[in-house]
Amino acid sequence: MRIVGLTGGIASGKSTVSNLFKSDGVPVVDADVVARDVLKKGTGGYKKVVGAFGDKILLDSGDVDRARLGQIVFSDPSKRQLLNRLLAPFISSGLFWEIMKLWLKGSKVIVLDIPLLFEAKMDKWTNPIIVVWVDPETQLQRLMVRDGITEEQARNRINAQMALDSKRTKADLVIDNSRSLEETKEQFQEVLMQVTRPLTWREFGLSRKGEWGPKLLILEHESKYKKHLSLSCYLLHQKTLFTPHRRCVVDSASLGFSQLRLPKVLQYRYLSL
Ligand SMILES: CC(C)(COP(=O)(O)OP(=O)(O)OC[C@H]1O[C@@H](n2cnc3c(N)ncnc32)[C@H](O)[C@@H]1O)[C@@H](O)C(=O)NCCC(=O)NCCS
Ligand SMILES: Nc1ncnc2c1ncn2[C@@H]1O[C@H](COP(=O)(O)OP(=O)(O)OP(=O)(O)O)[C@@H](O)[C@H]1O
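Residues numbered from 1 in each chain as written. Chains lettered and ligands numbered in written order. Predicted model: local features only at pLDDT ≥ 70, side-chain atom pairs only at ≥ 80, totals over all residues. Heavy atoms only, no water.

Novice: Can you break down the environment of Lys47 residue by residue, with the values?
Specialist: You can see Lys47 is positioned in helix H3 (residues 44-53). Sequence-wise, Lys47 and Ser23 are 24 residues apart; in three dimensions their C-alpha atoms are separated by 36 Å. (Helix = DSSP H or I, 4+ residues; strand = E, 2+ residues; numbered from the N terminus.)

Given below as structure tokens:
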């Protein structure tokens, strides 16, 4: 499996580029989404953060007031470090599970969109690393417009991250998103070719061979005694079904459940091993 790193500065265009990857069928794990999940009411991250910052960061509903927490942490580096420290383990394990899910699906190339890839030292997980760069003035303007914030607030947020020029020097591939979307898309095509080139032997070794490996077929069906539901589990290899008692060929596209001699099948799922 190839784990591609996608990073940049705030509002430099990471989501814009990650959407291009998604439309080309490359799965993306978005660290901002994971970070939002780990701060949802009642989660471990929520409890830690509310314990440290107090009720003043809560809305009446009990959810975290993200705008309020943002004001606090982006104007005070020590508070930001505290928030980062509290959430880091939850974000890392959230990312790990998202990667595992894609690995289980047999994905061969995935993109990790992580704004703080270098700051959080997660760059060692990824290769190659793409930095979405933008010139400072355009970044400031886009951030103010998108988030409806003042110049001072926008500068605070930009300064909360490693300088975009330093990130650029650490990149394997750079997309300059300072100009039109069309120009970004052209650079993206070149980057996509690099990212989807054949896997190295090492990357191949780290991939799950779900396409060719055995699969489990899990069926939910009526039991012989009618009143109950039953689950049955079969080991499939290619189109051949193995059961403890017999072996028969099934077409996995239009599975001939009748061959299984089971009462009415209600649901089925494949699980690649
Ligand atoms: C402070 C919070 C509540 C503000 O929420 P808000 O909805 O306003 O912003 P959002 O989460 O969409 O983040 C927007 C951008 O801000 C930047 N950013 C977010 N957190 C940080 C941080 N701790 N340090 C520097 N930049 C950050 C990123 O570029 C991100 O893409 C939120 O950003 C947060 O919980 N941050 C800590 C978690 C974190 O590190 N997230 C980044 C993912 S690696
Ligand atoms: N080439 C472009 N031309 C004009 N506007 C753009 C371009 N690329 C991105 N934008 C706009 O700039 C803003 C920031 O882009 P985007 O949300 O993709 O950045 P981001 O790096 O994902 O931000 P964040 O770090 O906050 O998650 C958005 O409003 C987006 O629509």
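Novice: Give me the lowdown on unusual backbone geometry, citing residues and values where you can.
Specialist: The linkage connecting Asn127 with the following residue, Pro128, adopts the cis geometry, with an omega of 0°. Here Pro128 is to be found in the loop between strand E3 (109-113) and strand E4 (129-133). Backbone geometry at Ala11 places phi at a positive 60°, although glycine is not the residue there. By secondary structure assignment, the location of Ala11 is in the loop between strand E1 (2-8) and helix H1 (14-23).

Novice: Before we move on, can you summarise the packing of helix H6 (residues 136-147) against helix H7 (residues 151-159) with the specific residues and values?
Specialist: As a packed pair, H6 and H7 sit with axes 9 Å apart at the nearest point and diverge in direction by 115°. H7 is crossed by H6, and the crossing has right-handed handedness. Each of Gln139, Leu140, Leu143, Met144 and Asp147 in H6 lies in contact with H7, whose residues at this interface are Glu151, Ala154, Arg155, Arg157 and Ile158. Among the residues making up the contact of H6 with H7, the classes are represented as 5 nonpolar, 1 polar and 4 charged. (Axes fitted to C-alpha atoms, helices over the stretch in contact; angles between N-to-C directions. Left-handed = near helix turned anticlockwise from the far one by under 90°. Contact = heavy atoms within 4.5 Å. Nonpolar A, V, L, I, M, F, W, Y, C, P; charged D, E, K, R; others polar.)

Novice: Explain the packing of aromatic side chains to me, and be specific about the residues and the numbers.
Specialist: Going through the model one piece at a time under the given rule, you end up with 3 aromatic pairs. Between Trp201 and Phe204, the aromatic rings sit 6.1 Å apart at their centres with planes inclined by 90°, giving edge-to-face as the arrangement. On the criterion of helical spacing, the pair formed by Trp201 and Phe204 is a turn pair, its members being 3 residues apart in helix H10 (residues 201-206). Residue classification places Trp201 among the exposed residues on the basis of a relative accessible area of 75%. Phe204 sits in the partly exposed class, given a relative accessible area of 34%. For the cation-ring pair, Arg168 lies above Trp133, with the distance from its terminal atom to the ring centre recorded as 4.5 Å. (Phe/Tyr/Trp six-rings, centres within 6.5 Å; stacked < 30°, edge-to-face > 60°. Buried < 20%, exposed > 50% of the residue type's maximum accessible area, 1.4 Å probe, protein only. Lys NZ or Arg CZ within 6 Å of the ring centre and 35° of its normal.)

Novice: Summarise the side chain of Lys167; cite the residues concerned and give the values.
Specialist: Relative to the elements of secondary structure, Lys167 occurs in helix H8 (residues 164-169). By relative accessible area, which is 0% here, Lys167 ends up buried.

Novice: Let's hear about the layout of surface pockets: which residues, and what values?
Specialist: Of the pockets and cavities examined, the largest pocket occupies roughly 1,600 Å³. Along the walls of the largest pocket sit 50 residues, with Ile10, Asp32, Phe74, Pro115 and Gln161 positioned nearest its centre. Put simply, the parts of the chain that give the lining of the largest pocket at least two residues each are H1, helix H2 (31-37), helix H4 (66-74), helix H5 (77-104), H6 and H7. Examining the composition of the lining of the largest pocket, we find that 8 residues originate from one element, H5, more than from any other. Looking at the lining of the largest pocket residue by residue, the classes come out as 23 nonpolar, 13 polar and 14 charged. Empty space within the second largest pocket amounts to approximately 400 Å³. Surrounding the second largest pocket, 15 residues form its lining, Met1, Arg2, Ile3, Trp125 and Leu206 being those nearest its centre. Of all the elements in the fold, those that place two or more residues in the lining of the second largest pocket are E1, H5 and H10. (1 Å grid on protein atoms, 1.4 Å probe; cavity = no way out; pocket = protein on both sides within 12 Å on 5 of 7 lines; lining within 4 Å. Points joined across faces, edges and corners; volume = space filled by probe spheres on them.)

Novice: Got a sec to walk through the pattern of salt bridges? Specific residues and values, please.
Specialist: Under the counting rule described, the total for this entry stands at 10 salt bridges. The partner of Lys40 in a salt bridge is Asp37, and the shortest N-O contact between them spans 2.9 Å. Its relative accessible area of 47% is what places Lys40 among the partly exposed residues. For Asp37, a relative accessible area of 37% puts it in the partly exposed group. Among the salt bridges present, the one from Glu119 reaches Lys167, with a minimum N-O distance of 3.0 Å. Remark: Lys167 occurs in helix H8 and Glu119 occurs in the loop between E3 and E4; sequence separation between them is 48 residues. (Salt bridge = Lys/Arg side-chain N within 4 Å of Asp/Glu carboxyl O.)

Novice: Account for the pairing of E3, with residues named and values stated.
Specialist: Along E3, 5 of the 5 residues are buried, which leaves the element largely enclosed by surrounding structure. The two faces of E3 match: Val109, Val111 and Asp113 on one face and Ile110 and Leu112 on the other face are all buried. In this structure, E1 lies alongside E3, joined through 5 bridges in parallel fashion. In the sheet register, Leu6 faces E3, and the bridge partner there is Asp113. Where strand E2 (residues 28-30) meets E3, 3 bridges bridge the pair, whose relative direction is parallel. Residue pairing in the sheet places Val28 in a bridge with Val111 of E3. (Pairing = 2+ DSSP bridges.)

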